[in-house]
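Structural overview
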Amino acid sequence: MHQQLLMELVNKAVAEKSVALTSMADGVQMLVYPLDHGILVGIGLEGERAQRVDAVRLLHKRADDMARFGSWLPARLKDGSWYVVKRVP
């Protein structure tokens, strides 16, 4: 299911040359941003849920399992939302 949704977002983002964003059933946001060479995929939280993200805990969790989470980079956007993002060629 998530893979199909991701492919739909990729197609939309590339076709429109802009960010494609969707909200999943659990309130988590998925976004795709087209790059010159590949795409940027993000999974995160917006609004009040993003305000409850503990940045230190997030960074420690990532550091504790770099094999699994190392390619995902935490990012806090200007609007206060939190995402983990990954560049995909």
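In this text, all values refer to a predicted model and were calculated from it rather than measured experimentally.

Pairing within the open sheet is antiparallel, and its 5 strands lie in the order 1-2-3-5-4. With partners counted over all chains shown, the strands left at the sheet margins are strand 1 (20-23) and strand 4 (73-76), one partner each. Ignoring which end each strand starts from, the neighbouring axes of this sheet average 25° apart. Pairing of strand 4 with strand 5 (residues 82-88), which is carried by 4 bridges, proceeds in the antiparallel orientation. Within strand 5, the position partnered with Ala 75 by the bridge is Tyr 83. Packed onto the sheet, helix 1 (residues 2-16) meets strand 1, strand 2 (29-35) and strand 3 (38-45) and runs at close to 40° relative to strand 2. Sitting on the sheet, helix 3 (residues 55-64) touches strand 4 and strand 5, and the angle it makes with strand 4 is about 165°.

Moving on, we get to the layout of surface pockets. Considered as a void within the structure, the largest pocket measures approximately 640 Å³ in volume. Lining the largest pocket are 17 residues, with Ile 43, Leu 58, Lys 61, Phe 69 and Val 84 positioned closest to its centre. For the lining of the largest pocket, the secondary structure elements donating two or more residues are strand 3, helix 3 and strand 5. The leading source of residues in the lining of the largest pocket is helix 3, at 4 residues. Grouping the constituent residues of the lining of the largest pocket by class yields 11 nonpolar, 1 polar and 5 charged.

Here we come to the pairing of strand 2. For strand 2, the buried fraction is high: 5 of the 7 residues fall into the buried class. Between the antiparallel neighbours strand 2 and strand 3 lie 2 residues.

Taking 1.5 Å of rise per residue, the 15 residues of helix 1 would be expected to cover 21 Å, and the 21 Å separating its terminal C-alpha atoms lies within 8% of that figure. All of the buried residues in helix 1 are Leu 5, Leu 9, Val 10 and Ala 13. Buried residues of helix 1, viewed axially, fall in a sector of 140°; they line one side. Opposite the buried face of helix 1, at more than 90 degrees from it, the exposed residues are Gln 3, Gln 4, Asn 11 and Ala 15. Of the residues flanking the end of helix 1, it is Lys 17, one or two places downstream, whose phi is positive at about 50°.

Definitions and cut-offs
- Residues numbered from 1 in each chain as written.
- Predicted model: local features only at pLDDT ≥ 70, side-chain atom pairs only at ≥ 80, totals over all residues.
- Heavy atoms only, no water.
- Pairing = 2+ DSSP bridges.
- Helix = DSSP H or I, 4+ residues; strand = E, 2+ residues; numbered from the N terminus.
- Axes fitted to C-alpha atoms, helices over the stretch in contact; angles between N-to-C directions.
- Contact = heavy atoms within 4.5 Å.
- 1 Å grid on protein atoms, 1.4 Å probe; cavity = no way out; pocket = protein on both sides within 12 Å on 5 of 7 lines; lining within 4 Å.
- Points joined across faces, edges and corners; volume = space filled by probe spheres on them.
- Nonpolar A, V, L, I, M, F, W, Y, C, P; charged D, E, K, R; others polar.
- Buried < 20%, exposed > 50% of the residue type's maximum accessible area, 1.4 Å probe, protein only.
- Expected span 1.5 Å × (residues − 1).
- Arc of directions from axis to C-beta.

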